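# Examining the three-dimensional arrangement
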Amino acid sequence: MSTVIYHNPACGTSRNTLALIRATGIKPQVIHYLDTPPSREELVSLIIRRGIPPRELLRQKGTPYSELGLDDPALTDDQLIDAMIEHPILINRPIVVGSNGVRLCRPSEEVLSVLDSSLPADFVKEDGEIVKASRA
């Protein structure tokens with residue numbers, strides 16, 4: 001199975017996640033989801049495979065979340081998904097599909113749980129934080 005990352009290159013967490021994937025030796029399929037948003041079916045599939053309600057995938061910061069009234073608890077899952085389809089910036093990132101499932105990789109080292117490969121050496125994030133390689 002190939003590894004897929006729904007990526008926003010303007011996001012540091014997304015950049016770190018992509019770099020972590022590559023540091024394990026995996027060459028992922030990179031989907032710039034703001035330019036090529038997932039279809040409704042793809043988004044629903046990611047949500048189901050991750051096992052979370054759509055509300056947990058909503059991004060609030062730097063999005064029209066408040067303006068659209070998405071904090072209203074009366075909104076249905078379908079309404080939230082419709083909002084993410086219409087405004088892909090509302091989809092939190094990065095989402096990674098790997099051989100071990102689907103994960104919203106916040107923090108970026110969450111990605112290691114969905115990959116078959118491990119880090120061969122310590123990894124340094126953009127902010128200087130170190131992600132330790134697994135020691136066998």
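Anyway, here's the lowdown on the structure attached to this text.

The rules behind these values
Residues numbered from 1 in each chain as written. Predicted model: local features only at pLDDT ≥ 70, side-chain atom pairs only at ≥ 80, totals over all residues. Heavy atoms only, no water. 1 Å grid on protein atoms, 1.4 Å probe; cavity = no way out; pocket = protein on both sides within 12 Å on 5 of 7 lines; lining within 4 Å. Points joined across faces, edges and corners; volume = space filled by probe spheres on them. Helix = DSSP H or I, 4+ residues; strand = E, 2+ residues; numbered from the N terminus. Nonpolar A, V, L, I, M, F, W, Y, C, P; charged D, E, K, R; others polar. Salt bridge = Lys/Arg side-chain N within 4 Å of Asp/Glu carboxyl O. Buried < 20%, exposed > 50% of the residue type's maximum accessible area, 1.4 Å probe, protein only. Pairing = 2+ DSSP bridges. Axes fitted to C-alpha atoms, helices over the stretch in contact; angles between N-to-C directions.

### Considering empty space enclosed by the protein
Rolled over the atoms, a probe as big as a water molecule pinpoints where empty space is left. Taken as a whole, this structure holds 1 cavity of 30 Å³ or more when the rule is applied. In this model, the largest cavity occupies a volume close to 40 Å³. Around the largest cavity sit Leu46, Ile47, Arg50, Ile52, Leu57, Ile95, Val102 and Leu104, which together line it. If you list the elements that add at least two residues to the lining of the largest cavity, you get helix 2 (40-50) and strand 4 (101-104). With 3 residues, helix 2 is the single largest residue contributor to the lining of the largest cavity. Along the lines of polarity and charge, the residues of the lining of the largest cavity split into 7 nonpolar, no polar and 1 charged.

### Some words on the pattern of salt bridges
Scanning the model with the defined rule gives 7 salt bridges in all. The closest approach of N and O atoms between Arg40 and Asp82, which form a salt bridge, is 2.9 Å. In this pair, Arg40 is assigned in helix 2 and Asp82 in helix 3 (residues 77-86), connecting sequence segments 42 residues apart. For Arg40, a relative accessible area of 31% gives the class partly exposed. When salt bridges with common partners are traced through the structure, they connect Arg40, Asp78 and Asp82 into a single cluster.

### Considering the pairing of strand 1 (residues 4-7)
Across the two faces of strand 1 the burial is the same, with Val4 and Tyr6 and Ile5 and His7 all buried. With 3 bridges connecting them, strand 1 and strand 3 (residues 95-98) associate as antiparallel partners. What sits directly across from Ile5, in strand 3, is Val96.

### Digging into the sheet that holds strand 3
Strands sit in the order 2-1-3-4 across an open sheet of 4 strands; the sheet is mixed. Strands with a single pairing partner mark the edges of an open sheet, and in this sheet they are strand 2 (29-32) and strand 4. Pairs of neighbouring strands in the sheet enclose a mean axial angle of 15 degrees, with direction left out of account. When strand 3 meets strand 4, the two strands line up antiparallel, connected through 4 bridges. The residue of strand 4 that forms the bridge with Val96 is Arg103.

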